[in-house]
Amino acid sequence: MAYIQGEGRHQATLFPVVLDDLVPDDHMCRVIDAFVAKLVMSELGFERAEAAETGRPGYDPRDLLKIYLYGYLNQIRSSRRLEAECRRNVELIWLLGRLYPDHKSIAEFRRVHRDAISAAGGELIRFARDCGLIRGEWIAIDGSKFRAVASVDSTRERLALQRYLDSVEKADAEQQASIDPCAVKAALEKLRHHPEPDAGYMLVRQTALPAYNLQTAVDAEHALIVAHSVILDASDIRSLKPMAEAAKKAIELDTFNVVADAGYSNGEHFAQCEEAGIMPYVPVMRTVNNQGDGTLFGRDDFRYEPDADRYICPGGKELLRKHTNHKDRYTMYKASSADCGSCPLKSRCTQAPRRGLARHLFEDALNRMQDRVTPEAMKLRRSTVEHPFATIKYRIFGHPRLLMRGLSGARIELGIATMAYNLKRITKVLGAAELTKALHCA
């Protein structure tokens with residue numbers, strides 16, 4: 001019995017001669033094409049948004065943006081791989097009208113259009129808001145680490161050079177030691193030409209690796225990323241207010257709720273968000289009295305009297321205000337040595353001559369937050385904000401490691417990935433055919 005056989009290579013066929021027959025009506029390529037077609041490229045800051053009257057013609061930035069959106073949606077981020085796909089992938093052939101940009105043109109477009117790509121992502125969020133896909137009642141904020149291009153060894157060398165130069169500058173200021181100008185010049189030259197000048201060590205899967213921190217603000221209605229930012233800080237504690245303000249600007253609402261995990265516990269940010277009409281729901285991280293194996297009286301055993309600005313201890317004695325540390329944002333209250341020395345509860349209170357208690361400068365905001373947070377809010381956070389990170393890392397990137405170097409490169413890549421994620425998510429909610437129709441009508 002013969003095998004199933006294909007057609008002969010020299011046999012004339014009726015292979016579709018119209019490019020539009022290559023792609024179904026409900027294909028993702030039609031969504032990409034319709035979305036890019038509605039963008040006003042000149043207003044978004046894309047170079048060559050309008051064709052020049054003289055000189056050699058260049059590629060339309062719309063076509064290059066289509067390449068990247070298609071590539072990231074299909075786990076193809078390399079400019080060389082995208083060049084190859086343009087020649088053999090019928091979907092890209094349809095999307096570009098048989099254009100074959102070289103990899104240098106593709107890579108250059110991504111490199112120089114960080115702000116324009118962010119602006120295009122903002123247009124997609126505005127479209128989603130106009131379609132009613134963004135409710136804006138609950139916004140979940142979280143961060144995730146993305147591995148940088150740099151190796152551990154090269155990052156270690158760069159940080160060592162920075163420490164050396166800092167020590168030289170300090171020694172020079174204090175005139176403590178002689179300085180070797182040649183060594184300083186060599187260190188500066190190495191730093192100037194280091195391929196990854198920004199990435200620092202962050203915990204990635206419990207391992208310290210060179211990475212960047214992607215912060216996202218996700219609407220709870222359909223898990224769309226309404227705002228994002230790439231930062232060098234490994235900690236999230238200083239990111240609540242900036243991300244909440246970015247979300248407020250994106251959704252254009254005066255009041256909404258923000259939920260985040262305990263890594264965002266920041267009393268100053270809590271108070272500022274409340275003043276701006278943003279109601280945060282974040283578990284409060286409190287210091288624990290670990291003296292005496294954790295058996296001594298804790299903060300909750302002391303009563304604060306705001307009118308007198310003092311604490312009352314379990315033994316009925318006063319802890320009076322002593323000083324304020326504005327850098328660490330706390331005020332210290334202490335009891336008198338005489339009161340503590342004669343107190344029968346001293347063995348259960350402190351091992352020091354007298355008991356002290358630090359009160360956060362934004363203690364009232366922390367207390368309001370502690371009363372506000374509920375298990376339901378934390379469950380909403382997990383179900384909203386974790387899904388986008390997993391999709392970007394393993395469905396869009398394929399492997400959560402960046403290809404472009406430096407903070408600017410990380411922002412460009414994650415900006416495209418965020419836009420691709422939102423496009424993918426909106427398509428999932430509305431359907432490709434319905435979304436294409438809505439984009440054409442917008």
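Residues numbered from 1 in each chain as written. Predicted model: local features only at pLDDT ≥ 70, side-chain atom pairs only at ≥ 80, totals over all residues. Heavy atoms only, no water.

## Quick notes on unusual backbone geometry
Of note in the backbone geometry, Asp-309 takes a positive phi value of approximately 50° without being a glycine. Structurally, Asp-309 is set in the loop between β7 (303–305) and β8 (310–312). Look at Arg-329: it is not a glycine, yet its phi comes out positive at around 60°. Within the secondary structure, Arg-329 is located in the loop between β9 (318–325) and β10 (330–334). (Helix = DSSP H or I, 4+ residues; strand = E, 2+ residues; numbered from the N terminus.)

## Topic: the side chain of Thr-427
Residue placement: Thr-427 occurs in helix α15 (residues 406–430). The exposure class of Thr-427 is buried, given its relative accessible area of 12%. Excluding anything up to four places from it in sequence, Thr-427 contacts Met-28, Val-31, Ala-432 and Leu-435. (Buried < 20%, exposed > 50% of the residue type's maximum accessible area, 1.4 Å probe, protein only. Contact = heavy atoms within 4.5 Å.)

## Side note on the pairing of strand β11 (residues 356–360)
In regular strands, side chains alternate between the two faces of the sheet. Covered by surrounding structure in β11 are Leu-357 and Arg-359 only, the residues Gly-356, Ala-358 and His-360 on the alternate face being uncovered. Sheet analysis places β10 next to β11, joined by five bridges and oriented antiparallel. Within β11, the residue paired with Tyr-330 across the bridge is His-360. (Pairing = 2+ DSSP bridges.)

## Thoughts on the side chain of Thr-155
Tracing the sequence through the fold places Thr-155 in helix α8 (residues 152–174). Classification of Thr-155 as buried rests on a relative accessible area of 0%. Aside from chain neighbours lying at most four places away, what touches Thr-155 is Ala-150, Ala-199, Tyr-201 and Pro-210.

## Some thoughts on the sheet that holds β9
Strands sit in the order β7-β8-β9-β10-β11 across an open sheet of five strands; the sheet is antiparallel. With partners counted over all chains shown, the strands left at the sheet margins are β7 and β11, one partner each. Averaged over all neighbouring strand pairs, the angle between strand axes comes to 35°, with direction disregarded. The pairing of β7 with β8 spans three bridges and is antiparallel. Within β8, the position partnered with Glu-305 by the bridge is Arg-310. (Axes fitted to C-alpha atoms, helices over the stretch in contact; angles between N-to-C directions.)

## Here's the deal with the layout of surface pockets
One simple way to see leftover space: roll a probe sized like a water molecule over the atoms. If you add up the space inside the largest pocket, you get close to 1,100 Å³. Lining the largest pocket are 40 residues, and of these Arg-286, Thr-287, Arg-299, Ala-358 and Arg-359 sit closest to its centre. Secondary-structure elements contributing two or more residues to the lining of the largest pocket are β7, β10, β11 and α13 (363–372). Partitioned by chemical class, the residues of the lining of the largest pocket number 14 nonpolar, 13 polar and 13 charged. Within this model, the second largest pocket holds a volume of roughly 590 Å³. Along the walls of the second largest pocket sit 24 residues, with Ser-118, Gly-122, Val-226, Ala-227 and His-228 positioned nearest its centre. Elements with a contribution of two residues or more to the lining of the second largest pocket: α7 (114–130), β4 (224–231), α10 (240–251) and α15. With nine residues, the single largest contributor to the lining of the second largest pocket is α7. Looking at the lining of the second largest pocket residue by residue, the classes come out as 10 nonpolar, eight polar and six charged. (1 Å grid on protein atoms, 1.4 Å probe; cavity = no way out; pocket = protein on both sides within 12 Å on 5 of 7 lines; lining within 4 Å. Points joined across faces, edges and corners; volume = space filled by probe spheres on them. Nonpolar A, V, L, I, M, F, W, Y, C, P; charged D, E, K, R; others polar.)

## A closer look at the confidence of the model for the protein chain
Per-residue confidence for the protein chain gives a mean pLDDT of 89, with 94% of residues at or over 70. Ranking the elements of the protein chain by mean pLDDT puts helix α9 (residues 181–192) last, at 71, and β4 first, at 97. (pLDDT = per-residue confidence, 0-100.)

## A short note on the pattern of salt bridges
This model, assessed by the stated rule, comprises 27 salt bridges. Asp-25 is paired through a salt bridge with Arg-30; the nearest N and O atoms lie 4.0 Å apart. Asp-33 is the salt-bridge partner of Lys-66, the closest N and O atoms lying 2.8 Å from each other. With a gap of 33 residues between them, Lys-66 in helix α3 (residues 61–73) and Asp-33 in helix α1 (residues 28–37) connect regions that are remote in the sequence. Here the salt bridges do not stand alone but share partners, grouping Arg-303, Glu-305, Arg-310 and Glu-318 into one network. (Salt bridge = Lys/Arg side-chain N within 4 Å of Asp/Glu carboxyl O.)

## Some points on empty space enclosed by the protein
For the structure shown, the criterion picks out one cavity of 30 Å³ or more. Here the largest cavity defines a volume of roughly 110 Å³. Taken together, 15 residues form the lining of the largest cavity, with Cys-313, Cys-340, Cys-343, Cys-349 and Arg-355 sitting closest to its centre. Taken together, the residues of the lining of the largest cavity sort by class into 10 nonpolar, one polar and four charged.

## Thoughts on α15
Helix length check: α15, at 25 residues, gives a terminal C-alpha distance of 36 Å against a target of 36 Å (1.5 Å per residue), a fit within 8%. Within α15, 18 of the 25 residues are buried, which leaves it mostly tucked inside the rest of the structure. Positive phi appears at Gly-431, one or two residues downstream of α15, with a value of about 95°. (Expected span 1.5 Å × (residues − 1).)

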